[in-house]
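Read off the chains here:
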Number of protein chains: 2
Amino acid sequence: MDKNLKRMATMQRMQVTGLELFYKQGYYNTSIDDILKELSLSKGAFYHHFESKEDFFIQIVENLVVRKMYSMLIEPIEGPDNPLELITNCFENALETAVHNELDFGFVLGNFLNEFNGRNPKIMKHLSDIIKVWEVNLVSSIQRGKFNGYVNRHIDSEGVAVFLMSSYIGIRTFMVENAPSARKYRFMTQIRQYFKSIATKEGAYN
Amino acid sequence: MDKNLKRMATMQRMQVTGLELFYKQGYYNTSIDDILKELSLSKGAFYHHFESKEDFFIQIVENLVVRKMYSMLIEPIEGPDNPLELITNCFENALETAVHNELDFGFVLGNFLNEFNGRNPKIMKHLSDIIKVWEVNLVSSIQRGKFNGYVNRHIDSEGVAVFLMSSYIGIRTFMVENAPSARKYRFMTQIRQYFKSIATKEGAYN
DNA sequence: GAATAAACCGACTAAGTGGTCTGTCGACAA
DNA sequence: TTGTCGACAGACCACTTAGTCGGTTTATTC
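Parameters at a glance
- Residues numbered from 1 in each chain as written.
- Chains lettered and ligands numbered in written order.
- Predicted model: local features only at pLDDT ≥ 70, side-chain atom pairs only at ≥ 80, totals over all residues.
- Heavy atoms only, no water.
- Helix = DSSP H or I, 4+ residues; strand = E, 2+ residues; numbered from the N terminus.
- Buried < 20%, exposed > 50% of the residue type's maximum accessible area, 1.4 Å probe, protein only.
- Contact = heavy atoms within 4.5 Å.
- Areas by Shrake-Rupley, 256 points an atom, 1.4 Å probe, with all protein chains shown as cover.
- UniProt positions renumbered as here; feature names shortened; annotations may be inferred.
- Near = heavy atom within 4 Å.
- Polar contact = N/O pair within 3.5 Å; in protein donor to acceptor, adjacent residues only side chain to side chain.
- Nonpolar A, V, L, I, M, F, W, Y, C, P; charged D, E, K, R; others polar.
- Salt bridge = Lys/Arg side-chain N within 4 Å of Asp/Glu carboxyl O.
- Least-squares fit on C-alpha atoms with pLDDT ≥ 70 in both.

Across its full length, chain A carries 9 helices and 0 strands. Each helix and strand of chain A, ordered N terminal to C terminal, gives the series α-α-α-α-α-α-α-α-α. Oriented by its inertia axes, the alpha-carbon framework of chain A measures out at about 65 × 40 × 35 Å. Taking all 206 residues of chain A together, 54% fall into the buried category. When contacts within chain A are restricted to residue pairs at least 6 apart in sequence, long-range pairs at least 24 apart make up 69% of them. With the model as given, the accessible surface of chain A reaches about 9,200 Å², and the carbon-plus-sulfur share is 51%.

Written out as structure tokens, the structure is:
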């Protein structure tokens with residue numbers, strides 16, 4: 001039991017540091033030795049716990065990335081309230097975290113999607129699965145919104161989802177670079193503008 | 001003169017193939033040997049023409065990427081017509097190219113932005129400069145639209161630009177992965193929806 | 001046709017890379 | 001006390017990487 005705890009602790013440490021470095025430097029540009037140096041651990045330790053670099057990365061995705069994704073972008077939009085409000089607040093919070101915490105892993109996914117696209121189908125599968133969950137949740141959120149009279153019935157829910165995901169991925173790529181706070185503000189204003197155009201008159205969005 | 005022509009031809013060949021591979025596999029994941037094998041050229045040839053891998057890449061950006069960027073995303077939105085129409089058509093075309101031609105380099109920039117972010121400031125500088133040109137052109141296009149009565153005066157031009165750029169970067173990341181044509185269609189529909197909401201009544205957008 | 005210089009070749013180097021393997025060490029069970 | 005086993009150490013391997021360098025080819029110029 002105690003042994004198992006130690007095992008878990010070490011693996012966790014490796015994964016956390018791994019994600020941090022993969023995020024900052026990219027997967028292909030980060031060596032296992034980089035991670036091990038950071039932790040003062042050895043090759044032996046690494047390959048005792050993980051099969052390969054790829055296996056290691058997939059475990060990071062399944063443990064850390066998925067969880068962050070759920071807590072930051074999926075759970076906050078569940079519920080019977082006006083989905084346009086929920087999504088606005090959710091993006092607002094997620095982007096705020098991104099502004100203040102360079103290492104929020106709220107959307108590492110965008111980076112990795114880019115890095116593995118057409119290069120590593122196995123890893124891509126894991127990443128797309130997460131995106132799919134996000135998409136499904138967005139779509140059903142919008143549909144609930146239609147049902148509850150918040151969202152205009154003529155609007156294509158799938159379309160809204162694709163559009164929202166695209167914008168979010170884009171702004172995240174974009175915010176890292178320059179004046180993140182100003183860009184966040186501008187982005188959110190336009191999201192509200194867009195939402196107004198797909199809301200019902202009665203729904204009272206904003 | 002002829003010598004110079006040959007020099008240019010070889011350099012061009014290297015750059016074209018280089019961009020293709022860097023785009024497909026990523027910069028850090030593509031070796032110079034990969035490129036040279038493709039061209040049946042030697043290390044000597046490469047280092048005779050370019051200082052380093054980094055220098056090589058920067059030249060690719062300055063030659064090929066900048067040009068594509070201008071022809072696909074900047075020039076098409078210049079002109080006195082309704083900028084919302086111009087941008088719609090521009091995105092439509094750019095995304096159509098993306099759907100049919102896996103190697104359209106219309107927005108390699110998104111990939112590279114991601115790959116070099118926080119990793120290689122020198123290269124990032126070159127990439128951000130291009131983005132800045134795009135941004136400036138979008139902003140002035142929107143402002144022209146306001147002036148000419150196509151775009152609502154209360155709208156923040158900078159905001160629209162940031163929002164458009166984000167969405168475009170996002171959809172490009174997103175389209176490569178799955179059902180690009182359907183996603184393109186959905187995306188464009190929502191862009192039109194958004195544009196309607198920032199257009200003037202008289203401007204007759206759509 | 002000799003001289004010259006640019007274009008190109010490819011063996012080489014030093015520093016990594018992912019991954020293997022033999023081993024050490026301490027906890028714990030018998 | 002001894003034996004077992006999981007956590008970890010780190011030397012090592014085969015291979016790849018960006019970049020170097022002495023040399024050869026090729027084309028032009030006089």
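Attention shifts here to the UniProt feature "domain: HTH tetR-type" (unreviewed entry) in chain A. According to UniProt, the "domain: HTH tetR-type" (unreviewed entry) feature falls on residues 8–68 of chain A. Counted over residues 8–68 of chain A, helix gives 80% and strand 0%. Its end C-alpha atoms are 19 Å apart.

Okay, the protein's contact with DNA strand C next. In the vicinity of DNA strand C there are 18 residues, among which Tyr47(A), Lys53(A), Gly44(B), His48(B) and His49(B) approach most closely. The sugar-phosphate backbone supplies 59% of the atoms of DNA strand C found within 4 Å of the protein. One of the side-chain N or O atoms of Tyr47(A) is found 2.8 Å from a phosphate oxygen in DNA strand C. Elements with a minimum of two residues in the surface near DNA strand C: helix H3 (43–49) of chain A together with helix H1 (2–25) and helix H3 (43–49) of chain B. Element by element, the count of residues in the surface near DNA strand C is highest for H3(B), at 5 residues. The residue inventory of the surface near DNA strand C, partitioned by class, reads 4 nonpolar, 9 polar and 5 charged.

Tallying each qualifying case throughout the model produces 20 salt bridges over all chains. One salt bridge in this structure joins Glu158(A) and Arg186(B), with 4.0 Å as the shortest N-O distance. In this pair, Glu158(A) sits in helix H8 (residues 157–175) while Arg186(B) sits in helix H9 (residues 180–198), so the two residues belong to two different chains. By relative accessible area, which is 28% here, Glu158(A) ends up partly exposed. Salt bridges here are not isolated pairs; linked through shared partners, they connect Glu92(A), Glu96(A), Lys184(A) and Arg192(A).

The operation relating chain A to chain B is a screw motion whose rotation component is 180°, with 0.0 Å of axial translation and a residual RMSD of 0.1 Å. Put plainly, the chains are arranged around a two-fold axis. Here 100% of the contact residues of chain A are again contact residues in chain B; the copies associate through an equivalent surface.

Attention shifts here to the UniProt feature "DNA-binding region" (unreviewed entry) in chain A. According to UniProt, the positions carrying the feature "DNA-binding region" (unreviewed entry) are residues 31–50 of chain A. Between the end C-alpha atoms of residues 31–50 of chain A the distance is 14 Å, and the span holds 75% helix and 0% strand.

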